[in-house]
Amino acid sequence: MTPWVPKLGICLKEKYRYVQLSMIVGSEVPDLVTVDPFNVMLKPRGAICNLDCKYCYYLRKEDLYANSSFRMEKHVLEKFVREYIDAQAGPEVVFSWQGGEPTLMGIDYFRQAIEFQKKYSRPDMRVTNAFQTNGVLIDDEWCRFFRDNEFLLGISLDGPIELHDAYRVDKGGDGTFDDVLRGIDYVQRYDVDYNILTTVHSVNSKHPMTVYKFLRDTIDAKYIQFIPIVEKMNVCDPDHSKVSERSVQPEDYGEFLLTIYDEWIARDVGTVFVQIFDVALAAWSGMRPGLCVFEETCGSALAMEHNGDLYSCDHFVEQDHLLGNLMDGNIIDLVSSPQQKQFGLAKRDDLPTYCLECEVRFVCNGGCPKNRFILTPEGEAGLNCLCAGYKRFFTGINMSMDYMAALLKNNRPASDVMTWIEREKMEWVRRVNSVNRNDPCPCGSGKKYKKCCMI
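1. Description of the side chain of Ser244
In step 1: Counting through the fold element by element, Ser244 comes out in the loop between strand 8 (223-228) and helix 7 (250-267).
In step 2: Side-chain polar atoms of Ser244 contact the side chain of Glu231, separated by 2.4 Å.
In step 3: Excluding residues that lie within four positions of it along the chain, Ser244 makes contacts with Glu231 and Met233.

Okay, structure coming up:
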């Protein structure tokens, strides 16, 4: 994933302006504006990384380019910068640097990239850079560069040490927590803008409040993304539903998000920004979710390898989804090719009936196609393996999302929801204090209080 800026109303990967949680400060709801038709995750070092995270899906992509230098040459970079800028119709262009680990290219490489950006950008154009990193190599020199050139960083951190080091290890198998925190300390001291990207896996998914409170209270993170780990196993299985032991279970993912949401909606609206909550508010406000995972169609977030090969998506860097090489043509021709258009439309057109009839389809849209490999209850193929988790989460936040959407519609800050939540809690306490053990539970379940919420 790419770093994301809710305070600007922009998801830097998918590039749609949408209702976002920064409006809790009281700004008006903007109209939806498509800023750019596509964005490319640029991988100048390919799959090469200084870490060996056990769940990383990209490290094995190194096998696609045997005997390669895994460095994007200067002439390839320059052609990409020129054509990418020329292809953008809007006033802003976002370059998304990914890996592997992009810091392995060295600072001078990115100084050169900045020079190319200045050379080819138009006078009325704003060029920004989003940079996803594990944070291990960040030091004073990197931070001065990031600050002076207004880079937005995404730094990977999975929680406190016992949860982070479960899977995020170096080439020797040792934990990386201390190294990452050292990098974050540099970033904070130099006042570099950053997000925290937390992958949710089988270990930390069991400890949602531990993760959230650590990020919020210890790291002082203001912008957080929660990305589920799903590793499909290559085994013979009738419903193709086997995943690795590292993968988050759908029910756990739903409860993880919902538990954190309950804490956030009660006290952190307007001070902590969580991407999936931002996406939900956009959908509940009648606008597009603004994140490719939850868009009706996809195909606007592509990935380019170090040699100029352009792929349909970062999760589909494989031969069947290779659109061509930048050096053999023009990027706009590759992006607008029939192959890519069909790839994007398949996300909508291949939804099973179970999804088409779902009450939360307006925000979920079936999720990412890479995870659509289980059967529906009726036996139809193409259901997202995280469906149960998404459904649990999106149905669980419905009432408060309705309330926030109404606040925004009436030009009130969404943070007013916290006052409403507090009133609801006080009313609940009043009702509970007035009920006897054998009375119907005030939650409306139909059970006796002693058999329901009293437990």
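Moving on, there is more to tell.
2. A few points about the sheet that holds strand 12 (residues 322-325)
In step 1: Strand order in the open sheet formed by 10 strands is 9-8-7-6-5-4-3-10-11-12, with mixed pairing between adjacent strands. The sheet is open, and its two borders are formed by strand 9 (273-274) and strand 12, each paired with just one other strand.
In step 2: Where strand 6 (residues 151-156) lies against strand 7 (residues 194-200), four bridges are found, and the strand directions are parallel. Bridge pairing links Ser156 to Leu197 in strand 7.
In step 3: Helix-sheet contacts for helix 5 (residues 177-189) involve strand 6 and strand 7, and the interaxial angle to strand 6 is about 155 degrees.

3. Looking at the packing of helix 8 (residues 275-284) against helix 14 (residues 398-409)
In step 1: Relative orientation of the contacting elements helix 8 and helix 14 amounts to 65 degrees, with a least axis distance of 9 Å. With respect to their mutual orientation, helix 8 and helix 14 come out roughly perpendicular. Between helix 8 and helix 14 the crossing geometry is right-handed. Only Asn398, Met401, Asp402, Met404, Ala405 and Leu408 of helix 14 make contact with helix 8, whose side of the interface consists of Phe277, Ala280, Leu281 and Trp284.
In step 2: In terms of residue class, the contact of helix 8 with helix 14 is built from eight nonpolar, one polar and one charged.

4. Quick word on the pattern of salt bridges
In step 1: What the rule picks out here adds up to 22 salt bridges.
In step 2: Glu141 is the partner of Arg111 in a salt bridge, and the nearest nitrogen-oxygen pair spans 3.6 Å. Here the residue Arg111 occupies a position in helix 2 (residues 107-120), and Glu141 occupies one in helix 3 (residues 140-148), the gap between them amounting to 30 residues.
In step 3: You can call Arg111 partly exposed: its relative accessible area is 36%.
In step 4: Where Arg216 meets Asp217, a salt bridge forms, and the shortest distance between an N and an O atom there is 2.7 Å.
In step 5: The exposure class of Arg216 is buried, given its relative accessible area of 8%.
In step 6: Judged by relative accessible area, which is 48%, Asp217 ranks as partly exposed.
In step 7: A cluster of three or more residues bridged by salt bridges with shared partners is formed by Arg216, Asp217, Glu263, Arg267 and Asp268.

5. Let's talk about the packing of aromatic side chains
In step 1: Applying the stated criterion to the full structure yields 36 aromatic pairs.
In step 2: Arranged with centres 5.1 Å apart and planes meeting at 55 degrees, the rings of Phe145 and Phe151 form a pair that is tilted. Taken as a pair, Phe145 and Phe151 share a single burial class, namely buried.
In step 3: Relative to Phe394, the ring of Tyr390 lies with its centre 6.1 Å away and its plane at 20 degrees, an arrangement referred to as stacked. In this pair, Tyr390 and Phe394 both sit in helix 13 (residues 387-396), four residues apart, roughly one turn of the helix. For the pair Tyr390 and Phe394, one class covers both residues: buried.
In step 4: Joined through ring pairs, the aromatic side chains of Phe38, Phe80, Tyr84, Phe95, Trp97, Tyr109, Phe110, Phe131, Trp142, Phe145, Phe146 and Phe151 make up one cluster.

6. With respect to the environment of Asp402
In step 1: Relative to the elements of secondary structure, Asp402 occurs in helix 14.
In step 2: Given the relative accessible area of 40%, Asp402 is considered partly exposed.
In step 3: In this structure the C-alpha to C-alpha distance between Asp402 and Leu281, which are 121 residues apart in sequence, comes to 8.6 Å.
In step 4: At a separation of 3.3 Å, a polar atom in the side chain of Asp402 contacts the side chain of Trp284.

7. Some words on helix 3
In step 1: Residues of helix 3 that are buried include every one of Trp142, Cys143, Phe145 and Phe146, and no others. Along the long axis of helix 3, the arc covered by the buried residues comes to 160 degrees, so they all point the same way.
In step 2: Where helix 3 is buried, its residues meet helix 2, strand 5 (126-133), strand 6 and helix 5.
In step 3: The opening residue of helix 3 is Asp139, an N-cap whose side-chain oxygen sits 3.2 Å from the backbone nitrogen of Glu141.
In step 4: Note on helix 3: the residue one or two positions beyond its end, Glu150, has a positive phi of about 55 degrees.

Each value, and the rule that gives it
Residues numbered from 1 in each chain as written. Predicted model: local features only at pLDDT ≥ 70, side-chain atom pairs only at ≥ 80, totals over all residues. Heavy atoms only, no water. Helix = DSSP H or I, 4+ residues; strand = E, 2+ residues; numbered from the N terminus. Polar contact = N/O pair within 3.5 Å; in protein donor to acceptor, adjacent residues only side chain to side chain. Contact = heavy atoms within 4.5 Å. Pairing = 2+ DSSP bridges. Axes fitted to C-alpha atoms, helices over the stretch in contact; angles between N-to-C directions. Parallel < 35°, antiparallel > 145°, perpendicular 65-115°, else oblique. Left-handed = near helix turned anticlockwise from the far one by under 90°. Nonpolar A, V, L, I, M, F, W, Y, C, P; charged D, E, K, R; others polar. Salt bridge = Lys/Arg side-chain N within 4 Å of Asp/Glu carboxyl O. Buried < 20%, exposed > 50% of the residue type's maximum accessible area, 1.4 Å probe, protein only. Phe/Tyr/Trp six-rings, centres within 6.5 Å; stacked < 30°, edge-to-face > 60°. Arc of directions from axis to C-beta.

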